[in-house]
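This is what each chain is made of:
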Amino acid sequence: ANDITYDPKTNRLYVAHCYVDSTKISIIDADTLKLVGSIHTDAGVYALDYHAESNTFVGGQGKSGTIFFKYNPQGTKLLTYGRISPTPTQMITQGICRDDQYVYHVMFSNSSIEPYNTIIIYDLEGKKLAHNVRLSISGQEPENISLVNGAFYIGCNSSSSTQLDIYKSVLYEFDFSACTPCP
């Protein structure tokens, strides 16, 4: 598994696999944790999030590109219906989540050019970069991101042990309506 998202209407977990098969999404029963099926995408994804209000998925691909998916009528494939072009960066998409206005990619970098982890934020309406927030998390690889009641939860691969460290972050200081795209 590379990223997991949850559909509360069906009580199913959807798992993106990245390198094993980036077009395959495994479907897991959330109560039993048993594999109940799989679907494929018409574009590979590393990160995946389900948005219940719009009944759509958003996926992260490559170096921060965002892809929007909907089910085909047969329910055997997620079909691309929109895309936000990647932002030039040395960072790697790790996890993705969204709300009604923005898509949030948590990005990892161990590059000397960009030696910091970030959240790259895309404006859904304008389909463009809204902001790039540097995280104070360093020395760890962020693996996923969730947005719960206005707070981000970022799971990081701990460099000192085999555990997953969870960080909580709130972006109070940003007025996204006043943001201009980053270079």
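Residues numbered from 1 in each chain as written. Predicted model: local features only at pLDDT ≥ 70, side-chain atom pairs only at ≥ 80, totals over all residues. Heavy atoms only, no water.

1. A word on the pattern of salt bridges
Considering all chains together, one arrives at 1 salt bridge under this definition. With its nearest N and O atoms 3.0 Å apart, the salt bridge here joins R12 to D29. With R12 in strand β2 (residues 12-16) and D29 in strand β3 (residues 24-29), the pair connects residues that are 17 residues apart, well separated along the chain. Residue D29 is classed as buried on the basis of its relative accessible area of 15%. (Salt bridge = Lys/Arg side-chain N within 4 Å of Asp/Glu carboxyl O. Helix = DSSP H or I, 4+ residues; strand = E, 2+ residues; numbered from the N terminus. Buried < 20%, exposed > 50% of the residue type's maximum accessible area, 1.4 Å probe, protein only.)

2. Let's talk about the environment of A151
Structurally, the position occupied by A151 is in strand β14 (residues 151-157). When the C-alpha atoms of A151 and K168 are compared, they prove to be 6.6 Å apart, with 17 residues separating the residues in sequence.

3. Considering the confidence of the model for the protein
Summarising the model, the protein shows a mean pLDDT of 78, and 78% of its residues fall at 70 or more. Averaged pLDDT values for the elements of the protein fall to 72 in strand β15 (residues 164-169) and rise to 92 in β3. Within the model, pLDDT remains below 50 along residues 172-183, and this stretch shows 15 contacts once partners closer than five positions in the same chain are excluded. (pLDDT = per-residue confidence, 0-100. Contact = heavy atoms within 4.5 Å.)

4. Structural notes on the nonpolar core
Ranked by size, the top nonpolar core spans 14 residues in total, and within it Y104, I119, I121, L135, I145, F152 and I154 carry the most contacts. Broken down by secondary-structure element, the contributors of at least two residues to this core are β10 (102-108), β11 (118-123), β12 (128-134) and β14. Apart from the residues within four sequence positions on either side, Y104 is in contact with G95, I96, C97, R98, D99, I119, I120, I121, I145, L147 and F152. (Core = buried A, V, L, I, M, F, W, Y, C linked by side-chain atoms within 4.5 Å.)

5. A word on the sheet that holds β10
If you trace the 4 strands from one edge of the open sheet to the other, you get β9-β10-β11-β12, paired in antiparallel fashion. Among the strands making up the open sheet, the edge pair consists of β9 (92-98) and β12. Neighbouring strand axes in the sheet, compared pairwise and without regard to direction, differ in orientation by 25° on average. The sheet contact formed by β9 and β10 spans 6 bridges and is antiparallel. By the bridge assignment, T93 is partnered in β10 with M107. (Pairing = 2+ DSSP bridges. Axes fitted to C-alpha atoms, helices over the stretch in contact; angles between N-to-C directions.)

6. Quick word on unusual backbone geometry
Positive phi, normally seen in glycine, also occurs at L33, with a value near 60°. You can see L33 is positioned in the loop between β3 and β4 (35-41). With a phi close to 55°, N55 is a non-glycine residue in the positive phi region. Topologically, N55 is positioned in the loop between β5 (47-51) and β6 (56-61). The exposure class assigned to N55 is partly exposed, which follows from its relative accessible area of 37%.

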